[in-house]
Amino acid sequence: MTKINSLDDIVKNGLCIGCGLCKSIAGNSIEMEMSDKGNLEPKELTPITNETLEEIKKVCPGVIAEGPEDHEENEGSNKDLVWGNYFDLYYSWSTDPKIRFQSSTGGLLNGLSLYLLEKKKVDFIMHTAGDKDNPMRNIVKYSYNKEDLINCESRSRYGPSSPLSEFHKALDKKQTFAFVGKPCDAGAIRLLAKSDERVDQYCKYIFTLVCGGFQELTKSQEFIDSFDVKEQELEEFRYRGFGNPGRMYIKTKDQREFDKDYNSFWGDESNWKVPFRCKICPDAIGESSDIAALDTWRGGSPKGEDEGFNAAVMRTKKGIKVFNEAVESGYLVKGDKVTIEDIKDFQPHQTSKKQAVYARHLGMRNNNIPTITTRNLRIEELYKLNDFEYNKQQEKGVSQRLNKND
């Protein structure tokens with residue numbers, strides 16, 4: 001089987017998610033560069049050493065993905081073959097009407113973050129925000145107060161981002177923080193904690209969203225092209241929010257405004273431009289987080305607008321504690337309990353992906369292509385429960401895709 005002997009092996013085989021952790025480790029030897037396809041990928045400015053490459057491979061989401069082992073933080077949790085460890089499941093939303101309205105869904109992650117900042121539980125929040133100078137693109141943001149957090153277009157950013165590209169810089173601040181990002185980012189941070197004790201010392205909370213994958217930048221480009229708008233003309237680019245789910249919206253520097261409903265972007269899966277790494281993702285549900293937030297649309301897609309309701313999956317005892325504190329302090333509403341069957345109804349595509357992933361990995365191995373080493377995520381167990389023909393179909397589909405890319 002082909003081994004990963006360089007960063008280029010990760011990129012060219014479609015395993016890179018663009019998280020930027022390799023840059024954080026290697027420093028100025030690497031920059032994250034936008035590819036022609038519309039993905040952020042690492043580029044070596046000066047060759048990295050074998051030692052640095054091995055350090056990267058121990059944490060890179062394109063090389064390894066691990067679910068949490070049994071430990072004190074998840075002792076006594078419920079266990080589901082698809083959704084992993086979980087404690088309580090609740091509807092929840094921000095008590096601040098403006099945050100709830102403007103956020104992607106109900107403002108759960110903003111509410112948690114704001115509680116941590118204003119109650120001095122952490123010094124800052126590390127998250128992804130829109131680039132004010134290039135609003136279709138994303139940057140790493142350190143938010144120290146409400147104004148930082150709310151006024152930076154931080155709601156769902158479906159384009160490529162490198163949220164971990166400055167993670168070591170965040171640790172170097174020697175300040176406590178919470179990280180908000182994608183499930184693959186959360187898993188990489190947990191892996192880094194095994195070799196860098198500063199992670200647990202300073203990164204006090206990890207919050208994530210349940211992720212359907214992100215869109216390559218070319219998909220966003222198609223959206224603005226439909227209105228004959230150039231990227232350099234943009235003043236604002238919003239994927240959703242200002243309602244739930246809200247409309248996709250752009251405003252130009254000369255104050256022209258255009259929008260489309262949310263389903264025009266996500267409704268037709270055949271038009272998605274999701275990176276290959278997302279299609280083989282063994283953990284899109286935030287198993288390494290303290291709390292995972294998700295949309296609550298029955299059947300998996302919105303039928304219209306509502307006030308904004310998240311579901312919160314409490315994955316650790318720390319997550320339960322901070323959630324309850326935020327509720328008691330008036331930052332979040334704790335709504336009705338939901339069941340794991342509700343969660344599966346809200347996110348049916350997550351169940352189907354988890355069931356398909358191991359077969360897709362096998363399809364890569366059968367083509368002598370490296371894939372993600374996966375532990376504690378139960379994908380092989382789910383594979384064994386699948387229909388034989390379904391598994392073969394998934395393996396064949398990956399083979400066809402790989403051969404087409406060749």
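Quick note: structure is the one above.
Bear in mind that the values here come from a model prediction, so they are computed numbers and not experimental data.

S.K.: Would you mind going over the packing of aromatic side chains in detail, with residue names and values included?
M.R.: For the coordinates displayed, the defined rule picks out 18 aromatic pairs. A centroid spacing of 4.8 Å and a plane angle of 25° characterise the contact between Phe227 and Phe258, whose relative ring orientation is stacked. Of this pair, Phe227 sits in the loop between helix H10 (217–225) and strand S11 (234–238) while Phe258 sits in strand S13 (residues 257–261), placing them 31 residues apart in sequence. Connected via pairs of aromatic rings, a cluster forms that spans Phe124, Tyr142, Tyr144, Phe167, Phe177 and Phe179. In this arrangement the basic side chain of Lys318 is found over the ring face of Tyr205, its NZ or CZ atom lying 5.6 Å from the centre. The ring centre of Tyr90 lies 4.8 Å from the NZ or CZ of Lys334, which sits over that ring.

S.K.: Kindly report on the pairing of strand S12 (residues 247–252), identifying the contributing residues and their values.
M.R.: Of all six residues in S12, five are buried, a share of seventy percent or more. Relative to S12, S11 is paired through four bridges, and the arrangement is antiparallel. From the neighbouring strand, Glu236 faces S12, where its bridge partner is Lys251. Two successive antiparallel strands, S12 and S13, enclose a turn made up of four residues, where Gln255 displays a positive phi of approximately 75°.

S.K.: Explain unusual backbone geometry to me, using residue names and the numbers behind them.
M.R.: Omega for the bond connecting Asn244 with Pro245 falls within 30 degrees of zero, at 10°, which places this linkage in the cis form. Summarising the element assignment, Pro245 is placed in the loop between S11 and S12. Positive phi values are uncommon outside glycine, yet Asn368 reaches one of about 60°. On the secondary structure map, Asn368 appears in the loop between helix H15 (348–366) and strand S17 (373–375). The residue Arg378 is not glycine, and still its phi comes out positive at about 65°. Relative to the helices and strands, Arg378 is located in the loop between S17 and helix H16 (379–385).

S.K.: So what's going on with the sheet that holds S13? Residues and values would help.
M.R.: The three strands lie next to each other as S11-S12-S13, forming an open sheet whose pairing is antiparallel. Sheet topology places S11 and S13 at the edges, where each strand pairs with a single neighbour. With direction set aside, neighbouring strand axes in the sheet form an average angle of 10°. Here S12 pairs with S13 via five bridges, running antiparallel. Directly across from Arg247, in S13, lies its bridge partner Asp261.

S.K.: Can you tell me about the nonpolar core, naming the residues and giving the values?
M.R.: Ranked by size, the top nonpolar core spans 55 residues in total, and within it Leu21, Met126, Phe167 and Phe177 carry the most contacts. Here the element with the most residues in this core is helix H8 (residues 183–193); it accounts for seven residues. The contact partners of Met126, leaving out residues within four places of it in the chain, are Val140, Lys141, Tyr142, Pro163, Glu166, Phe167, Ala170, Phe177, Ala178, Phe179 and Val180. Counting 28 residues, the second-largest nonpolar core is a separate cluster that includes Leu149, Ala312, Met314 and Leu332.

S.K.: So what about the packing of helix H5 (residues 108–118) against helix H13 (residues 317–328)? Which residues, and what values?
M.R.: At a minimum axis distance of 10 Å, the contact between H5 and H13 shows a crossing angle of 85°. Comparing the axis directions of H5 and H13 gives the class roughly perpendicular. For the pair formed by H5 and H13, the contact residues are Leu108, Leu112, Tyr115 and Leu116 on the first element and Val322, Phe323, Glu325 and Ala326 on the second.

S.K.: Now, about the pattern of salt bridges: what can you tell me, with residues and values included?
M.R.: Taken as a whole and assessed by the stated rule, the structure comprises 31 salt bridges. With a shortest N-O distance of 4.0 Å, Glu216 and Lys37 are connected by a salt bridge. Residue Glu216 is found in the loop between strand S10 (203–209) and H10, and its partner Lys37 is found in the loop between strand S1 (30–34) and strand S2 (40–44); the two are separated by 179 residues along the sequence. Here Asp254 ties to Arg256 by a salt bridge, and the two come within 3.0 Å at their closest N and O atoms.

S.K.: Outline the environment of Ile30, listing residues and values.
M.R.: Secondary-structure assignment places Ile30 in strand S1. Distance from Ile30 to Ser195, taken between C-alpha atoms, is 21 Å for residues 165 residues apart in sequence.

S.K.: Now, about the environment of Asp96: what can you tell me, with residues and values included?
M.R.: Among the secondary structure elements, Asp96 is positioned in the loop between strand S6 (89–94) and helix H4 (97–102). Along the backbone, Asp96 and Met248 are 152 residues apart, and their C-alpha atoms lie at a distance of 23 Å. A polar contact is formed between the side chain of Asp96 and the side chain of Lys146, at a distance of 3.1 Å.

S.K.: Give a detailed account of H10, specifying residues and quantitative values.
M.R.: Of all the residues in H10, the buried ones are Leu217, Lys219, Ser220, Phe223 and Ile224. Looking straight down H10, one finds that the buried residues subtend no more than 155° of arc, so they occupy a single side. On the buried face of H10, the contacting elements are S1, S11, S12, S13 and helix H11 (263–266).

Rules and cut-offs
Residues numbered from 1 in each chain as written. Predicted model: local features only at pLDDT ≥ 70, side-chain atom pairs only at ≥ 80, totals over all residues. Heavy atoms only, no water. Phe/Tyr/Trp six-rings, centres within 6.5 Å; stacked < 30°, edge-to-face > 60°. Helix = DSSP H or I, 4+ residues; strand = E, 2+ residues; numbered from the N terminus. Lys NZ or Arg CZ within 6 Å of the ring centre and 35° of its normal. Buried < 20%, exposed > 50% of the residue type's maximum accessible area, 1.4 Å probe, protein only. Pairing = 2+ DSSP bridges. Axes fitted to C-alpha atoms, helices over the stretch in contact; angles between N-to-C directions. Core = buried A, V, L, I, M, F, W, Y, C linked by side-chain atoms within 4.5 Å. Contact = heavy atoms within 4.5 Å. Parallel < 35°, antiparallel > 145°, perpendicular 65-115°, else oblique. Salt bridge = Lys/Arg side-chain N within 4 Å of Asp/Glu carboxyl O. Polar contact = N/O pair within 3.5 Å; in protein donor to acceptor, adjacent residues only side chain to side chain. Arc of directions from axis to C-beta.

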